[in-house]
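Structure assessment
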Amino acid sequence: MTYAILQRLAQMLFVMFGISLLVFLIFFGTPGVDPAARIAGRNASPEVLEAVRHSFGFDQPFYVQYLTMMKKIFVTGDLTSFVNRGWKVVPAVLDTIPVTLSLVFGAAVLWVVFSLIIGVVAAAFRDRWPDKLLMILGLIGISMPVYWLGEVMNLITQSRFHDIWLFAWVPPLGYKEFGKDPEGWFLTLVIPWITLSILYIGLYGRVLRASITEALQEDYIRTARAKGLSETRILLRHALRTSLIAFVTLFGLDFGALVGGSALLTEVVFGLQGVGKLTFDALQNLDLPVIMTTVLYASFFVVLANAVVDVVYILLDPRVRTS
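Residues numbered from 1 in each chain as written. Predicted model: local features only at pLDDT ≥ 70, side-chain atom pairs only at ≥ 80, totals over all residues. Heavy atoms only, no water.

Details of the packing of helix α5 (residues 89-124) against helix α12 (residues 275-285)
- As a packed pair, α5 and α12 sit with axes 8 Å apart at the nearest point and diverge in direction by 135°. In terms of their interaxial angle, α5 and α12 are classed as oblique. Counting all contacts with α5, which are made through Ala92, Val93, Thr96, Ile97 and Thr100, the residues of α12 involved are Val275, Gly276 and Leu278. (Axes fitted to C-alpha atoms, helices over the stretch in contact; angles between N-to-C directions. Helix = DSSP H or I, 4+ residues; strand = E, 2+ residues; numbered from the N terminus. Parallel < 35°, antiparallel > 145°, perpendicular 65-115°, else oblique. Contact = heavy atoms within 4.5 Å.)

Some details on helix α6 (residues 129-143)
- Look at α6: 21 Å from first C-alpha to last across 15 residues, which is about the 21 Å you get at 1.5 Å a residue.
- Among the residues of α6, Pro130, Asp131, Leu134, Met135, Gly138 and Gly141 are the ones counted as buried. Along α6, the residues classed as buried sweep out an arc of 125° about the axis, all on the same side. Exposed residues on α6 whose side chains face more than 90 degrees from its buried face are Trp129, Lys132 and Ser143.
- In this structure, the buried residues of α6 make contact with α5 and α8 (182-215). (Expected span 1.5 Å × (residues − 1). Buried < 20%, exposed > 50% of the residue type's maximum accessible area, 1.4 Å probe, protein only. Arc of directions from axis to C-beta.)

With respect to the side chain of Asp131
- With respect to the helices, strands and loops of the structure, Asp131 is situated in helix α6.
- Ignoring anything within four residues of it in the chain, the contact list for Asp131 reads Ala122, Phe125, Arg126 and Arg209.

Regarding the environment of Phe251
- Assignment of secondary structure puts Phe251 in helix α10 (residues 231-262).
- C-alpha of Phe251 to C-alpha of Ala305: the two residues are 54 residues apart in sequence and 8.7 Å apart in space.
- For Phe251, the contacting residues outside a window of four places in its chain are Ala108, Trp111, Val112, Tyr204 and Gly256.

What about the nonpolar core?
- Within the largest apolar cluster, 69 residues are counted, with the highest numbers of intra-cluster contacts made by Met69, Trp111 and Ile212.
- Per element, the largest residue contribution to this core is 13 residues, and it comes from α5.
- Setting aside residues up to four positions removed in sequence, Met69 forms contacts with Phe24, Phe28, Leu79 and Met292. (Core = buried A, V, L, I, M, F, W, Y, C linked by side-chain atoms within 4.5 Å.)

Concerning the pattern of salt bridges
- Counted by the stated rule, this structure contains five salt bridges.
- As a salt-bridge pair, Arg209 and Asp131 come within 2.5 Å of each other at their nearest N and O atoms. Pair noted here: Arg209 is in helix α8 and Asp131 is in helix α6, with a separation of 78 residues, a long-range link.
- Residue classification places Arg209 among the buried positions, given a relative accessible area of 18%.
- Here Arg222 makes a salt bridge to Asp219, at a shortest N to O gap of 2.6 Å. Taken together, the residues Arg222 and Asp219, both in helix α9 (residues 219-226) and three residues apart, mark about one turn of the helix.
- For Arg222, a relative accessible area of 46% corresponds to the partly exposed category.
- Salt bridges sharing common partners tie together Asp127, Asp131 and Arg209. (Salt bridge = Lys/Arg side-chain N within 4 Å of Asp/Glu carboxyl O.)

See the structure below:
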């Protein structure tokens, strides 16, 4: 087990190294790409371009530039923005991480709990009206873009019906730190949690229902029925457990991507300054240090989520332990 964990950690480091090198080469090593020209502005003279290259180290070999940037990100933490000189990138990214984590963790709890309920109930009543109703609701949830749903939620809770008792508790858009105001933190994130989770509740509920339905046709389920086990126990203890493998796979990929910045649209709609919003702003300004730092952060969470999924596989399916 220890060897497997160490092997997985080595793979994570190798993947992160490959991602960082690839992103660096895209922005710094692509023919025709000159970050100095972007920083110096239009119609900059050759003298100014040369001064900018020397100031930012663009006149050094690529491997020196790469190692210098990695050192400033992981060792010294003093990497500064190319757009806002003196603005340190690593502390700025660290400040946005709690916002994104708060958003994604809360939404993940909602979509896991409700998708499990929907998937199990739909499979238990397969081909009957509860199954059909839940699958229709799930399809509706999948079909609603998060930015549209977020704007509708804001229209209802922040504007049209904010003064009625049902939505009077909804605070203005923004984010409040948990350590300073736990109640305000919760209230500001309830609507974003619901908005972000609806898409995944519909998707995961439909996937889980299909997996359970397929599992109920397996030979070990027939054996369990022959032994006289109840349908409820067969569904929850046997079919659900093996069906969770596909569920966990999706969750690992989606959760890692959302924590890495894919929750951008939700952050923008609800005024949350998270990692996705920070990355979007950096891409607009081509602020390469910020882009590099957020990409490495995102790759870490995606790779970590996949590593956790591999461990959960072993816990869910005994067949994986012997393979």
